[in-house]
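# Chains, contacts and geometry: an overview
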Amino acid sequence: MSLLKRLLAWFQPDTSRPLTQAWLAALWMGLAANWPLWKQLQSLSLGPGFMLAFAGMVTAATGAVLSLLAWPRLIKGVLVFLLLAGAALAYFIGTYGIVFDPTMVVNMVQTDVRETRDLLSWRLLASLLVLGALPIWWLLRRPRAPRQAFGKRLGGNLLAFGLGLLAMVVLALSVFATLSSTMRNHKSIRYMVTPLNAVYSVSIVGVRSLSGPKGPPAVIGADAHLLPRADGAKPPLLLLVVGETARAMNFSLNGYARPTNPELSKLPATQLFSMRDVTSCGTATAASLPCMFAPQGRTTFDADKPQENLLDVLQRAGLAVLWLDNQSGCKGLCDRVPNSFTTQLPTGAATLPAGLCNGGECFDEALLHELDKRVATLDPERLQRGLVLVMHQMGSHGPAYFKRSPPDLKPFQPECRSNELQQCPRDQVVNGYDNTIATTDRLLARSIAWLQTQQARFDVGMLYVSDHGESLGENGLYLHGMPYAIAPEEQTHVPMIVWLPESGALATSLQPGCLAGLRDKAASHDNLFHTAMGWVGARAEVYKPEWDLLAGCRR
Ligand SMILES: [Zn+2]
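A few points on the structure.

The rules we used
Residues numbered from 1 in each chain as written. Predicted model: local features only at pLDDT ≥ 70, side-chain atom pairs only at ≥ 80, totals over all residues. Heavy atoms only, no water. Disulfide = S-S within 2.5 Å. Buried < 20%, exposed > 50% of the residue type's maximum accessible area, 1.4 Å probe, protein only. Helix = DSSP H or I, 4+ residues; strand = E, 2+ residues; numbered from the N terminus. Contact = heavy atoms within 4.5 Å. Expected span 1.5 Å × (residues − 1). Core = buried A, V, L, I, M, F, W, Y, C linked by side-chain atoms within 4.5 Å. Phe/Tyr/Trp six-rings, centres within 6.5 Å; stacked < 30°, edge-to-face > 60°. Lys NZ or Arg CZ within 6 Å of the ring centre and 35° of its normal.

## Quick look at the state of the cysteines
What makes a disulfide is a covalent bond joining the sulfur atoms belonging to two cysteines. Scanning the entire structure with this criterion turns up 5 disulfides. Bridging Cys 330 to Cys 334, the disulfide has an S-S length of 2.2 Å. Here the disulfide of Cys 330 and Cys 334 is left-handed, its torsion about the S-S bond being about -80°. Under the relative-accessibility criterion, Cys 330 is labelled buried at 4%.

The structure is reproduced here in structure tokens:
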């Protein structure tokens, strides 16, 4: 072959070869599907030299990984999947500033249809078409790969893998000082590299679910029992409201300037205590919920080891337990206790108030619908010992905040009516979000009103806590789910509210004024398991009084 021919062949690669397809796709994804990453790097003003080196590194790393998969019957399928995933990720990262890590994979798997529906938009479709469908259309029209001996192809693929890695290392060394400081100061950048973030995260979750222990969850609190009740004391009724995506700083009870808690604010300060310094266990529902109901606490809780939870322990102690859900599910927490989902409410029935449920989705107040009837289905013997009622809210779940507040409860106007938050002025996004907080405020006030109707029978009280917070455009971030170590305070700082009527047995067993002292005490989801146990007089080996927020107040 003449030199000229060789040169021409270099510029006109044989695109039927899997390895060529892999590297062309790497170039496309590395440069085009990473536009949010380039935008972010540009905003850091690191110079064109660094940007060029970084783009080269991303492409080389992607090409190296794809080289290993460059086999005739495999590569096209892999690339179709990755191009679509990359196009979707480019949209979500560019739009909401989310990052993609293993936790996000778990969130996605556990998200239900209506939550997904909230995220769909024309811009997402456009991204899928341009960044995904276009190169896929080209790829699928490539002719069948030329025959090649297995050994030769393997050698070629390994060589390409090695060269990709080498290029990456050389480029990294060429800008090492800037690279290391940028990665240290902007940790979220590593999760923005598409589609390697998806490949990495899906692999981690896959390996975890394959290697994870199977079988029934480990028993906790096998020795659970109830303390004897004082003579004449009524059985306890604890209403545990699990909030969704509510952040502490938007509660007027915590000093927020707008009146987002008009109903709760009317309650006497001797009954209602809003704790202002509470942190969450995770930044997403799937991470927070199991941890909140576990005794271990955030730093030692291991989500990969299935175990029983607070509800199992309370049930074993002899109490009646009921989980009411207005969300995608209870993440396995309510598997072994009575539960009821608002999606199962008979819509259209005369008993269901008009507008409470629409199109398979209910406002949180549906949790209170015919509550007496639902409690009446529980074991009467257990009810005589006490009741723990859990309400799992839809709360402030985004990005379609406007769907979470009923038409008669939108005090903050105008609100963003789109799920594409960055298309709305920021104050409209905040208005929509604050309307959801006002909706939660009314839900809690009405829940307390219901509890007051139960006082003849039970010693009532309420504990509300949200699962995690939310970013509303601070530093360009929206939604939640950032890796905990780099998550902003908006996502980890959650509201926690205690309501206890001062005439109740529990309130009178506490030192006067002690609850008010809790308002500025640092607390977290770690306290939930132990506080709930202590609240209803349940004990077990796993109960830690030092983590029970009320223990220090008992006489
Ligand atoms: Zn959540």
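From this point, the discussion proceeds with the structure in view.
## Points about the side chain of Thr 182
The residue Thr 182 is located in helix α10 (residues 176–185) in this model. With relative accessibility at 4%, the residue Thr 182 sits in the buried group. Beyond its immediate sequence surroundings of up to four residues, Thr 182 is in contact with Leu 41, Leu 44, Leu 46, Phe 50 and Ile 189.

## Re helix α2 (residues 18–31)
With 14 residues, α2 extends 20 Å from end C-alpha to end C-alpha; this agrees with the ideal 20 Å at 1.5 Å per step. Residues of α2 that are buried: Pro 18, Leu 19, Thr 20, Gln 21, Ala 22, Ala 25, Ala 26, Met 29 and Gly 30. Lining the buried residues of α2 we find α3 (35–43), α4 (48–67), α5 (75–96), α8 (122–140) and α9 (150–174).

## Notes on the nonpolar core
Judged by nonpolar contacts, the single largest core of 72 residues is most densely connected at Leu 37, Phe 54 and Met 462. Residue contributions to this core peak at 10 residues, all from helix α16 (residues 426–453). The contacts of Leu 37, once residues within four sequence positions are left out, are Phe 54, Val 58, Ile 189, Met 192 and Val 193. Core analysis: the second largest hydrophobic core is formed by 50 residues, Leu 310, Leu 319, Leu 510 and Leu 515 among them.

## Points about the packing of aromatic side chains
Taken as a whole and assessed by the stated rule, the structure comprises 9 aromatic pairs. Aromatic pair Phe 50 and Phe 54: ring centres 5.7 Å apart, planes at 35°, arrangement tilted. Placement of both Phe 50 and Phe 54 in helix α4 is noted, with a separation of 4 residues, approximately one turn of the helix. For the pair Phe 50 and Phe 54, a shared accessibility class is recorded, and that class is buried. The residue whose ring lies beneath Arg 247 is Tyr 433, and the NZ or CZ to ring-centre distance is 5.9 Å. One cation-aromatic arrangement involves Lys 544 over Trp 547; the distance from NZ or CZ to the ring centre is 3.7 Å.

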